[in-house]
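# Remarks on the overall topology
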Amino acid sequence: MSAIFSRRSILAGIATLAAPRIARAATVRDSAGREIAIPAKVERVFPAGPPAAITLYTLAPDLLLGWPRANRADEREFLLPGIGDRPEIGRITGRGNSANLEAVLELKPDLIVDAGSTGKTYVELAGRVQEQTGIPYALLDGRFAQIPASYRILGRLTGHDERAERLARWCEEAMATITGRIAMVPEEKRPSVYYARGPRGLETGLGGSINVETLSFLGARNVAAATPGSGLANVSLEQVLAWNPEVIVTIDLGFAESVRSDPGWADIRAVREGRVHLSPKLPFGWVDFPPSVNRMIGLWWLAKLLYPAQFPEDIRVLAREFHTLFYQVTPSEAQLDRILSGRG
């Protein structure tokens, strides 16, 4: 994620703000190692971006002031009534310059939470906003393996320690179970995977990209991992043909529907063998969009696709359990069909 406030605009915006009002009763160390004062009460929390919004919703939905982007009707169907339809309030970090500091202050949050990078840029931004406004601004590590730790930090900050621990333990147990089984699979038996994005399937995640973090976590051989760079990149069809992946995972419905009949892709092993998989996306993507706890159920889904012999679990049972615990809405059988189809 990238900050949408320049240092100049932050300083200009905070020049006229009121004096600090942080309660100093206790502190908790956030993912960046900063001591954050725990507010005397936390009833209104501003999520700085989509990953933070999803994390907060799963922990304490009533505290969520709104969403960085208004949820669509098909997304709201799988979220709590009165919460999933809360208004769009913009974002402080990430793509899309949709919020400004004054608008954030008008919402009177007790706490600001960001989930993602804990690098210098974000530490400086959080520190300035917190110091000048008096609103505690916590940074949570957005990396997949750090989800349990982030829950525990947010639980302490909001007074929801017990539920935070429950969610953190579910995640830890899932990761431990999955990685334990995959450890028994020899490297040469692990499939090569191409992650296809976009209507032509020619955008992918390079090595170290958060977009393919769960694939790496599963020990899959990302065919684009050795390509110089990080993040997302456009590649040629000729390059994909040369990689010849055994499995293709995509989040784009149009590509998933067209690739099987596209002669340009016909010689790729994954296409020949029918191993092109469309990721579920309701209410949030199962692979990378956005990169938050929604990827946890996606880890089970990917594990079953890549290592079917090691994972006999019923994905419908797992999905229902995840939705019930994390989204606090239990999907019907028909809704599960829609979720798993990836078609929305």
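Each remark here, short or long, concerns the structure printed above.
What comes next concerns the included structure. (Residues numbered from 1 in each chain as written. Predicted model: local features only at pLDDT ≥ 70, side-chain atom pairs only at ≥ 80, totals over all residues. Heavy atoms only, no water.)

## Some remarks on the environment of Gly 264
As for its placement among the helices and strands, Gly 264 is situated in the loop between α10 (253-258) and α11 (269-272). Residue Gly 264 is classed as partly exposed on the basis of its relative accessible area of 25%. The spatial distance from the C-alpha of Gly 264 to the C-alpha of Glu 238 is 9.1 Å, given a sequence separation of 26 residues. Look past the residues within four positions of Gly 264 in its chain and what remains in contact with it is Leu 237 and Leu 241. (Helix = DSSP H or I, 4+ residues; strand = E, 2+ residues; numbered from the N terminus. Buried < 20%, exposed > 50% of the residue type's maximum accessible area, 1.4 Å probe, protein only. Contact = heavy atoms within 4.5 Å.)

## Quick word on the sheet that holds strand β4 (residues 111-116)
A sheet is described by the order of its strands in space; here three strands give the open sequence β3-β4-β5, paired in parallel fashion. A single partner strand is all that each edge strand has here, and the edge strands are β3 (45-47) and β5 (137-141). Taking each pair of neighbouring strands and ignoring which way they run, the sheet shows an average axis angle of 25°. Examined bridge by bridge, β4 and β5 share five bridges and lie parallel to one another. Across the sheet, Asp 114 pairs through a bridge with Leu 139, a residue of β5. Helix-sheet contacts for helix α2 (residues 50-59) involve β3 and β4, and the interaxial angle to β4 is about 115°. Sheet strands touched by helix α6 (residues 147-158): β4 and β5. Its angle to β5, the strand with the most contacts, is close to 160°. (Pairing = 2+ DSSP bridges. Axes fitted to C-alpha atoms, helices over the stretch in contact; angles between N-to-C directions.)

## Points about the pattern of salt bridges
Per the stated rule, a full pass over the model turns up 25 salt bridges. The residue Arg 29 makes a salt bridge to Glu 35 at a minimum N-O spacing of 2.9 Å. For Arg 29, a relative accessible area of 48% gives the class partly exposed. Glu 35 sits in the partly exposed class, given a relative accessible area of 42%. The residue Asp 141 makes a salt bridge to Arg 143 at a minimum N-O spacing of 2.6 Å. For Arg 143, a relative accessible area of 48% corresponds to the partly exposed category. When salt bridges that share partners are traced, they join Arg 69, Arg 72, Asp 74 and Glu 75 into one network. (Salt bridge = Lys/Arg side-chain N within 4 Å of Asp/Glu carboxyl O.)

## A word on the side chain of Arg 295
Summarising the element assignment, Arg 295 is placed in helix α12 (residues 295-306). A distance of 2.7 Å separates a polar atom in the side chain of Arg 295 from a polar atom in the side chain of Glu 213. Those residues in contact with Arg 295 that sit more than four places away from it in its chain are Gly 142, Arg 143, Phe 144, Ile 210, Glu 213, Thr 214, Gly 285, Trp 286, Val 287, Asp 288 and Pro 290. (Polar contact = N/O pair within 3.5 Å; in protein donor to acceptor, adjacent residues only side chain to side chain.)

## Thoughts on the packing of helix α7 (residues 161-182) against helix α13 (residues 315-327)
Here α7 crosses α13 at 155°, and the two axes come no closer than 11 Å. The angle between α7 and α13 falls in the class roughly antiparallel. As α7 runs across α13, the sense of the crossing is left-handed. Along its contact with α7, which presents Arg 163, Arg 166, Leu 167, Trp 170 and Cys 171, the element α13 presents Glu 321, Phe 322, Leu 325 and Phe 326. Here the contact of α7 with α13 is composed, by residue class, of six nonpolar, no polar and three charged. (Parallel < 35°, antiparallel > 145°, perpendicular 65-115°, else oblique. Left-handed = near helix turned anticlockwise from the far one by under 90°. Nonpolar A, V, L, I, M, F, W, Y, C, P; charged D, E, K, R; others polar.)

## Points about α13
Here α13 spans 17 Å end to end across 13 residues, near enough to the 18 Å set by a 1.5 Å rise per residue. Among all positions in α13, only Ile 315, Leu 318, Ala 319, Phe 322, His 323, Leu 325, Phe 326 and Tyr 327 are buried. The N-capping residue of α13, defined by a side-chain oxygen 2.8 Å from the backbone nitrogen of Arg 316, is Asp 314. Once α13 ends, the next one or two residues include Gln 328, with phi positive near 65°. (Expected span 1.5 Å × (residues − 1).)

## Concerning the packing of aromatic side chains
All told, the structure shown has 15 aromatic pairs when counted by the stated rule. Look at Phe 322 and Phe 326: their rings are 4.4 Å apart centre to centre, the planes differ by 20°, and that puts the pair in the stacked class. Separated by four residues within a single helix, Phe 322 and Phe 326 lie in helix α13, roughly one turn from each other. Aromatic ring contacts, followed pair by pair, group Tyr 57, Trp 67, Tyr 151, Trp 170, Phe 284, Phe 322, Phe 326 and Tyr 327 into a single cluster. (Phe/Tyr/Trp six-rings, centres within 6.5 Å; stacked < 30°, edge-to-face > 60°.)

Any functional reading would require information beyond the geometric quantities listed.
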